Amino acid sequence: MTTRISELKCFLILAISGLTSGLNAQENLAPGTPLKRTGDEIVACGQLFHIGTPVVLWTDAGGYDAYRVDRRFVPLDQANWEATQKAGGVKSPNRYGMRTRGLTAEQIEKRRAGWELNELQQVVDQFVIHFDARGTAKTCFQVLHDMRGLSVHFMLDLDGTIYQTLDLKESAWHATISNGRSIGIEIANVGAYAVGGKNPFEQWYFKGDDGKTAIKIPGGLEKSGIRNQSILLHPDRNELVKGNIQGQNLEQYDLTPQQYAALAKLTAGLCTVFPKIKCDYPKDASGGLITQKLSENEFKAYSGILGHYHVQSNKVDPGPAFQWERLLRETRSLMVK
């Protein structure tokens with residue numbers, strides 16, 4: 001134990017020393033000198049946190065900005081709020097709200113002037129995972145923002161690129177009763193469907209000459225918005241995965257390897273920045289994954305990673321193909337012991 005405490009002291013001394021050196025170096029810069037980030041940071045309360053995988057912020061070129069009032073994917077003269085109201089579907093110029101869960105009226109007024117990170121860490125204790133059922137991050141944002149008036153903190157594209165659309169201090173509109181306490185991510189995947197029923201799989205997947213399943217994007221890769229177009233996209237497992245969610249027998253193609261790798265790094269970052277998000281998923285008495293909506297009491301008591309279907313009975317994402325144990329294993333391997 002003494003050795004462990006000494007190690008932590010050394011780590012803190014090095015961290016403080018590095019921060020002080022960084023501040024001193026910045027003091028010597030001329031006013032107006034641009035400061036660049038490395039491109040793997042997420043934002044919480046205006047602070048940057050490295051996660052070790054590419055992140056495109058809403059402030060970056062090519063990013064997706066959930067703070068904007070206008071619609072992004074319509075002609076400019078039809079994008080303003082007045083035209084959006086006439087088009088219908090979007091009821092509010094805001095697609096997000098303020099986190100008020102568990103706060104007094106006095107605390108809410110204080111948070112309206114801004115959040116301190118330590119305050120936010122006391123409120124956020126869930127990380128909700130969705131599939132977007134749209135196939136790409138670009139189309140996901142178009143539907144959420146332009147058509148439905150909703151939002152989500154992160155989107156994860158097929159190539160593993162993560163997009164952050166809002167500061168994590170905001171309450172994104174993605175999972176009803178979980179919004180005030182959660183961070184949400186939409187993962188690009190066309191979704192899960194009834195076994196043997198109608199589905200879009202033939203439009204999105206094909207067998208290559210080598211017999212392996214690959215992804216083809218309707219409309220072509222060039223218009224997909226995917227940043228890394230040099231890699232061959234394919235599901236992590238070659239065949240459809242079948243399973244039961246919410247009492248329904250479903251089938252789904254898995255996420256891509258790039259998505260799992262990026263998601264593990266993001267999850268490790270979130271569980272570190274927000275210690276109340278336990279690196280675990282909802283389990284039954286025998287330790288198995290719960291595959292249905294949590295009861296009211298279970299949901300209230302739960303802190304950790306969960307699927308959209310754990311929050312709402314009318315949802316099945318992230319679906320039967322999602323590899324929960326893999327996510328935990330890879331996430332835990334990345335977290336500081």
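Residues numbered from 1 in each chain as written. Predicted model: local features only at pLDDT ≥ 70, side-chain atom pairs only at ≥ 80, totals over all residues. Heavy atoms only, no water.

**Regarding the overall build of the protein**
Quick reminder of the rule: Strands are runs of DSSP state E lasting at least 2 residues, helices are runs of H or I lasting at least 4, and numbering of each runs from the N terminus. Computation of the radius of gyration draws on C-alpha atoms, with the globule rule given as 2.2 Å multiplied by the number of residues to the power 0.38. For the exposure calls, accessible area comes from a 1.4 Å probe over protein chains only, and a residue counts as buried if that area is under 20% of its type's maximum, exposed if over 50%, partly exposed in between. Note on contacts: a residue pair qualifies if any of its non-hydrogen atoms lie within 4.5 Å across the two residues. Residue burial considers only the protein chains on display, and all accessible areas are found by Shrake-Rupley using a 1.4 Å probe. A positive count includes Lys and Arg, and a negative count includes Asp and Glu. His and the chain ends are not counted in either. Charge placement uses NZ in Lys and CZ in Arg. For Asp and Glu, CG and CD serve respectively.
Helix and strand counts for the protein come out as 10 helices and 15 strands. Computed over the C-alpha atoms, the radius of gyration of the protein is 21 Å, within 12% of the 20 Å expected from 2.2 N^0.38 for a compact globule of 337 residues. Once the C-alpha set of the protein is aligned to its principal axes, its extents read approximately 60 × 60 × 45 Å. Relative to its full complement of 337 residues, the protein shows a buried share of 47%. Contacts in the protein between residues far apart in sequence, at least 24 positions, make up 65% of those at least 6 positions apart. Carbon and sulfur atoms make up 53% of the accessible area of the protein, which amounts to about 17,000 Å² in all. In the protein, which carries 39 positive and 36 negative side-chain charges, the distance between the mean positions of the two groups comes to 2 Å.

**Some points on the side chain of Thr136**
Along the chain, Thr136 turns up in the loop between strand E5 (126-131) and helix H5 (137-148). Classification of Thr136 by relative accessible area gives buried; the value is 3%. The residues touching Thr136, leaving out its near neighbours within four places in the chain, are Asp157, Leu158, Ala188, Trp204, Ile217, Ser224 and Ile226.

**Digging into helix H10 (residues 324-334)**
Those residues of H10 lying buried are Trp324, Arg326, Leu327, Leu328 and Thr331. Turning to H10, the residues buried within the fold contact E5, helix H7 (257-273), strand E15 (304-307) and helix H9 (308-311).

**Comments concerning empty space enclosed by the protein**
Applicable threshold: With a 1 Å grid spanning the protein atoms alone, the term cavity applies to any set of points in which a 1.4 Å probe fits but cannot get out, the term pocket to an open set with protein on both sides within 12 Å along at least five of seven lines, and the term lining residue to any residue with an atom within 4 Å of a point. Grid points are joined across faces, edges and corners, and a volume is the space filled by probe spheres set on the points. Three classes are used, and their members are as follows: Ala, Val, Leu, Ile, Met, Phe, Trp, Tyr, Cys and Pro are nonpolar, Asp, Glu, Lys and Arg are charged, and the others, Gly among them, are polar.
Evaluation of the coordinates by the stated rule reveals one cavity of 30 Å³ or more. Each pocket or cavity is described by its volume, and for the largest cavity that value is around 30 Å³. Lining the largest cavity are Ala66, Phe141, Leu144, His145, Leu150, Ser151, Val152 and Thr165. Classifying every residue of the lining of the largest cavity gives five nonpolar, three polar and no charged.

**Some details on the nonpolar core**
This is how it is decided: Here, nonpolar core means buried Ala, Val, Leu, Ile, Met, Phe, Trp, Tyr and Cys residues that are tied together by side-chain atoms lying within 4.5 Å of each other.
Residues Phe127, Ile129 and Phe274 are the most contacted members of the largest nonpolar core, which totals 48 residues. Put simply, the parts of the chain that give this core at least two residues each are strand E1 (41-44), strand E3 (55-57), helix H4 (117-121), E5, strand E6 (154-156), strand E9 (182-187), H7 and H10. The dominant element in this core, judged by the number of residues it contributes, is H7, at eight residues. Core analysis: the second largest hydrophobic core is formed by 13 residues, Tyr64, Ala66, Leu144 and Leu166 among them.

**Things to note about the side chain of Glu186**
Let me state the cut-off plainly: In the sections that follow, a salt bridge refers to a side-chain nitrogen of Lys or Arg positioned within 4 Å of a carboxyl oxygen of Asp or Glu.
By secondary structure assignment, the location of Glu186 is in strand E9. No salt bridge forms around the buried Glu186; measuring N to O, its nearest opposite-charge neighbour Arg148 is 6.6 Å away. Setting aside chain neighbours within four positions, we find Glu186 in contact with His130, Phe131, Asp132, Cys140, Leu144, Val152, Phe154, Met155 and Leu156.

**Description of the pairing of strand E2 (residues 47-50)**
Along any regular strand, the residues point their side chains to alternate faces of the sheet. Short version of the rule: Any two strands are treated as partners once DSSP identifies two or more bridges connecting them.
Pairing of E1 with E2 involves four bridges; the strand directions are antiparallel. In the strand pairing of E2, Glu41 is matched with His50. With antiparallel pairing between neighbouring strands as the criterion, E1 and E2 make up a hairpin whose turn holds two residues, including Cys45 at a positive phi of roughly 55 degrees.

**Thoughts on the environment of Asp146**
As a reminder of what qualifies: Throughout this description, a polar contact denotes any pair of N or O atoms lying within 3.5 Å of each other; where both atoms belong to protein, one of them has to be capable of donating a hydrogen while the other can accept it, and for residues adjacent in sequence the pair is counted only when both atoms sit in side chains.
Within the fold, Asp146 resides in helix H5. As a C-alpha pair, Asp146 and His50 span 96 residues in sequence and 30 Å in three-dimensional space. Engagement of the side chain of Asp146 in a polar contact is seen with the backbone nitrogen of Phe73, the distance being 2.7 Å.

**Brief notes about the pattern of salt bridges**
Opposite charge on two side chains allows them to pair when their charged atoms are near. Applying the stated criterion across every chain yields a total of 16 salt bridges. With its nearest N and O atoms 3.0 Å apart, the salt bridge here joins Arg68 to Asp70. Glu109 is the partner of Arg112 in a salt bridge, and the nearest nitrogen-oxygen pair spans 3.1 Å. Of the two residues, Arg112 and Glu109 both sit in helix H3 (residues 105-112), three residues apart, roughly one turn of that helix. Judged by relative accessible area, which is 60%, Arg112 ranks as exposed. One continuous salt-bridge network, built from bridges that share partners, spans Arg37, Glu41 and Asp60.

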